[in-house]
Amino acid sequence: MSSTPAPEPWQERKPRKKIVIRRLGKTETATVVQPSGGNSN
Amino acid sequence: MRRPRVKPEHAPHRLGDGTVRLGGVLYGVASEIPDPEGWAWAALTLMDGTRSPGQVAAALRTRFIGLTREEADDIVAVLLDSGHVEDAAPGPCEELDAREKERYSRSRDYFRWIDLTPRDHGWEPQLALKGARVLVLGLGGTGSHAAWSLAAAGVGRLHLVDPDVVELSNLNRQVLYTEADLGRPKADVAAARLRRLNSAIDVTAERAAVTSPRDLARLLDGFDVLALCADRPREPYGIRTWASRACARGGIPWVSGGYDGPLVSVGVFGPGGPCFECVRAGIPAQPGAGYAWPGVTGPSAGLSGQLVANDVLALVTGLTPVPPGYFHGLTLLDPDAHVYARHPSRPGCEFCP
Ligand SMILES: [Zn+2]
C-alpha cells in the first residue's frame, strides 16, 4: 500500500494558470467544404 | 517574434462555452483551446500586430488581475508556438526579388495557412523550393502536369527527361503541348514551354530513355528529389524498382505517380520510411491488376501529375510532414474512396533504412 503524503505548507499553492491547445481530429473538422472563393484572382 | 498577429486564415472564433476555435475547419490545422476564463481569447485579440509579446502579456495582466507574470508569459508563449500566429514585422528576405514575391504571393499565403512552424518572414518554404533540384522522368500525362506545377511553384532547378515525340493522341491530356509541336521531342517542347512560364528558374531537358538502373543512377546525380512519371520499363522489375533502389542508395526521396484509367495513385518514398518494394509487397495481389490499357482523359492525368507535384512540394518544404513509404490516390468512379496503402519494411530488406 502506498498513499500520497499530505503536502507541506510550502507546497500548498494554487495550480498554475495555463492554456492548452488541442489539434482537432478528423471527425471534428470539415471533410466537405464548398469553395468560398479564390478562383478569380 | 517581434509583433505577433493571428494569421488571417486562422482567425479565432469563440464557441458558446468559451472554447476558442482557431485555424478554420481544416484537419491538420484547426485546433481549439478550452478558455472558460477568457485568457486565450483576450491574448489573441491583443495579438493584432501592434504589440510585442511582452506588451501582450502585460496587457493580459492588467485585464486579469489574478495572473502572475509567469502565467501571462506562458499563455503568450503557447500561442506564439501554436502555428496560428505570424510576425507583423517580418524579418527581411533578400533572397527573393520583388517580382518573385509578387509571383509567389499566393503560394506564400497558402504555405502560411498550412504551416504550423513559427517563421521569421514566411518566405522560408518558397526559399526551399528555389533551392531545390528536381528530376522529372517522363513527360506524358502525369509528367507534363507535374512539371508544369513544379515550374509554376518556383522549383529552382528542373531537369526533364523523356524519349518520345509529341503525337496527336497525346493532346487529350498532356498539358504542355500544342498541335504546332507534333513530331517534336517532348523534352525540348516542355523545357521551352516551362521557360516561358517561369523565366526565374533553371530548366534543362534531354531526349532519352532510361534503359538500365545505371542510367537512372547517372540521371539522379545532383538532384534532391525524383518525380517519377514514367512507366517503362514496366514492373515487376521495371523503372519503379530501379528508382527505389537507386534512390535508397543515394538517400534521395522520390514520388511516383500514374493511373489506370480512372484509378489514380501516387507513391511517396524516401529516408525514414519503408521502400517501394516493401510497401508493394504488402499489397495483396489481385487478378487483373497488372493491365496497362491506354484509355485515359485529362482528369486522371492532371490529378496524378498534380498529386506528384504536391508530394514533391511537401518533401521539399517539409509541409506537411507525412512520413514517406505509402501510396495514396483516388478513383474517379467512386468519390467516396481515397486509396491508401502503408506497409512496414520486410525483415532484412537491404534497401530500407
Ligand atoms: Zn524495403
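Our subject in this report is the structure included herewith. None of the values given here were measured: they were computed from a predicted structure.

Some details on the nonpolar core
Residues and elements named next belong to chain B. Formed by 44 residues in total, the largest nonpolar core has its most connected members in V134, V136, L150, L158, L160 and V312. Where this core is concerned, the elements lending two or more residues are α5 (105-114), β6 (133-137), α7 (141-153), β7 (157-162), α8 (186-197), β9 (225-228), β11 (263-269) and α12 (298-317). It is α12 that contributes the most residues to this core, six residues altogether. The residues touching V136, leaving out its near neighbours within four places in the chain, are G143, A147, L150, L158, H159, L160, V161, A227 and C229.

What to know about the pattern of salt bridges
All names here are of chain B. Counted by the stated rule, this structure contains 21 salt bridges over all chains. Of the charged contacts, one joins D48 and R51 as a salt bridge, the two residues approaching to 3.2 Å between their closest N and O atoms. The class for R51 is partly exposed, based on a relative accessible area of 26%. A salt bridge links K130 to E100; the shortest N-O distance between them is 3.1 Å.

Overview of the pairing of β11 of chain B
All names here are of chain B. Burial analysis of β11 places five of its seven residues in the buried class, the great majority of the element. In the sheet, strand β10 (residues 254-260) pairs with β11 via seven bridges, with the strands oriented antiparallel. Paired with G257 across the strands is V266, a residue of β11. Remark: two residues form the turn of the hairpin made by β10 and β11, two consecutive strands paired antiparallel; G261 in that turn has positive phi of roughly 60°. Bridge count between β11 and strand β12 (residues 326-331): six bridges; the pairing is antiparallel. Bridge assignment links L263 to a residue of β12, and that residue is T331.

Reading guide: rules and limits
Residues numbered from 1 in each chain as written. Chains lettered and ligands numbered in written order. Predicted model: local features only at pLDDT ≥ 70, side-chain atom pairs only at ≥ 80, totals over all residues. Heavy atoms only, no water. Core = buried A, V, L, I, M, F, W, Y, C linked by side-chain atoms within 4.5 Å. Buried < 20%, exposed > 50% of the residue type's maximum accessible area, 1.4 Å probe, protein only. Helix = DSSP H or I, 4+ residues; strand = E, 2+ residues; numbered from the N terminus. Contact = heavy atoms within 4.5 Å. Salt bridge = Lys/Arg side-chain N within 4 Å of Asp/Glu carboxyl O. Pairing = 2+ DSSP bridges.

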